[in-house]
Number of protein chains: 2
Amino acid sequence: MGILVIGSVALDSVQTPFGKKDDVLGGSATFFSLAASFFSKVDIVATVGEDFPKRYVTMFKNKGIGTAGLTVSKGETFRWKGRYDYDLNTAHTISTHLNVFKDFDPQVPKNLRAPDFLFLANIDPDLQYRVLQQVKRPRLVACDSMNYWIDTKRKSLERLLDKIDILLLNDAEARQLSGESNLIRAAQLVISFGPKAVIIKRGEHGVLYFSKNTHFVAPAYLLETICDPTGAGDTFAGGMMGYLSRSKAVNDENIRKSIIYGSIMASFTVEDFSVNRLLEISKKDIQGRFKHFRSITKY
Amino acid sequence: MGILVIGSVALDSVQTPFGKKDDVLGGSATFFSLAASFFSKVDIVATVGEDFPKRYVTMFKNKGIGTAGLTVSKGETFRWKGRYDYDLNTAHTISTHLNVFKDFDPQVPKNLRAPDFLFLANIDPDLQYRVLQQVKRPRLVACDSMNYWIDTKRKSLERLLDKIDILLLNDAEARQLSGESNLIRAAQLVISFGPKAVIIKRGEHGVLYFSKNTHFVAPAYLLETICDPTGAGDTFAGGMMGYLSRSKAVNDENIRKSIIYGSIMASFTVEDFSVNRLLEISKKDIQGRFKHFRSITKY
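Residues numbered from 1 in each chain as written. Chains lettered and ligands numbered in written order. Predicted model: local features only at pLDDT ≥ 70, side-chain atom pairs only at ≥ 80, totals over all residues. Heavy atoms only, no water.

With that settled, the discussion passes to the interface of chain A and chain B. Taken together, the contacts link 29 residues of chain A with 29 residues of chain B. Both faces combined, the contact of chain A with chain B buries some 2,800 Å², and carbon together with sulfur accounts for 55% of it. Contact with chain B buries area across many residues of chain A, yet Leu222, Glu224 and Tyr299 of chain A alone supply 30% of it, more than any other trio. Where chain A packs against chain B, one counts four salt bridges. Of the charged contacts, one joins glutamate 224 of chain B and arginine 185 of chain A as a salt bridge, the two residues approaching to 3.9 Å between their closest N and O atoms. (Contact = heavy atoms within 4.5 Å. Buried area = accessible area lost by both parts, 1.4 Å probe. Salt bridge = Lys/Arg side-chain N within 4 Å of Asp/Glu carboxyl O.)

All names here are of chain A. If you look at the biggest cluster of nonpolar residues, it comprises 101 residues, and the most contacted ones within it are Val9 and Ile259. Here this core takes eight residues from helix 9 (residues 252-269), the largest share from any one element. Listed in part, the 100 residues of the second largest apolar core include Leu127, Val141, Ile164 and Val190. (Core = buried A, V, L, I, M, F, W, Y, C linked by side-chain atoms within 4.5 Å. Buried < 20%, exposed > 50% of the residue type's maximum accessible area, 1.4 Å probe, protein only. Helix = DSSP H or I, 4+ residues; strand = E, 2+ residues; numbered from the N terminus.)

We now examine the pairing of strand 6 (residues 79-84) of chain B. Residues and elements named next belong to chain B. Pairing geometry for strand 2 (residues 10-16) and strand 6, over five bridges, is parallel. Along strand 6, the bridge assignment pairs serine 13 with lysine 81. In this structure, strand 6 lies alongside strand 7 (residues 91-97), joined through six bridges in antiparallel fashion. Bridging from a neighbouring strand, arginine 83 pairs with histidine 92 of strand 7. Hairpin connection, strand 6 to strand 7: the antiparallel pair is bridged by six residues. (Pairing = 2+ DSSP bridges.)

Given below as structure tokens:
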């Protein structure tokens, strides 16, 4: 029954060499669900503050995204403020105000407790675990994490990893989690913690996928315009899981294609600030870029 | 009539996190010609000193590499000493002793002045130009350069670029030469200087190929063992031009395949110091890796 995502819905203030935006729609669950909505039914579990603009909730609904699990809590919406320099691969956080997210105890609404796919976006691994306990074991569980949790909550993260199917990380995080600099060996060590597969996101250098017996190397889609990388990773996950949830089987062939679709969705996101590009594009644009991707990688 | 390469034959002293080697065989023409020799007849134009071990000349001959243009000059062989840290993408030069290479005035032997393909490895663009003037226009001329020549001999480099077919650079050099940080736009600006195509080498992140109307994105072959990156770029060029020179036509399809073969040859070189791996492998190993490359990039 569709995809469930637990993550953040936030207001971002972002400065890049190409402009500056204040209090625009952001958050992992936002980017994920918008990307996934092109392929599949998706429901959000998250919380926002009383200041969260209602037009964004309307927008989610118009996109067919389920908001029954998007609660409004007393206080202000989670806010992230960041800056990117010409090296757009690195986000420099200026401030993080968790606000209503600080005491967030995610509750999956009763009628959403049997999702087909579950995405645990990057939050405290204890919260991710608690969400996993609330649902009937989905057909596929993917999970994102970050250096902060590897540092401060390794035990909790390892407990979680034993219960999931796919872990998404960037290369530095894969190295940190495994203690191994070579990415092939790092990935196999991560897999030994429990997940069936690990996806290593390398920004403009593409994506590596590892399972126990195979790997897949996907370059990123080359762009002339990269405006704001915020949300690229969660958009990737949304495109990937969206495509995969529509496939007949979760097998190597479909996972590879889903990774290309994830990369394509991310390539749209970074072309403008916030979710602007995701609101502009159509399924036809996605198919067009998939076709082009094939043409520039074929040999 | 085969491939002609003008470049260096050197003795390298290299230290990496995986070991240390002194006065081992190196140089751009060395790596290039050994890689190309798996596919095609190749002749070297270079000079070495009186101290150059004769066993290396014998080795070239045994590999079918033409050494009629490899002269012995009074003095010592060109020596490079360098170090790589855990970030194997960056070579730290400790010393460069040009020795006999300082006054090298390359003379192409008469019977080698009609090569089918010509590779101008990274040396002074004035010397590269002088070699180009000595030969009947080959079917394909490729050329390597570096930040130092872009800085100090831009005019000479631009004169050369107008006469060649393919320029090979790394991404920082492409940005420096074009003054443009986006690689798609950088490549098109470089092409406006004259070459029909530009190949941007990104080390462990693969290769980008740009012509006026198309581009091709190739990931690098993932390795568990990377011992010493010295010579990877020239090995790439040798594998690429070797394969291409054996193809029926220089067209987009064959250029793409040649780039994969170049990447595969480079993947062998970096697995050990100096040319050790290139001396160990067989055509069967190359084919095996090509097949594996296909299997990990297919979708």
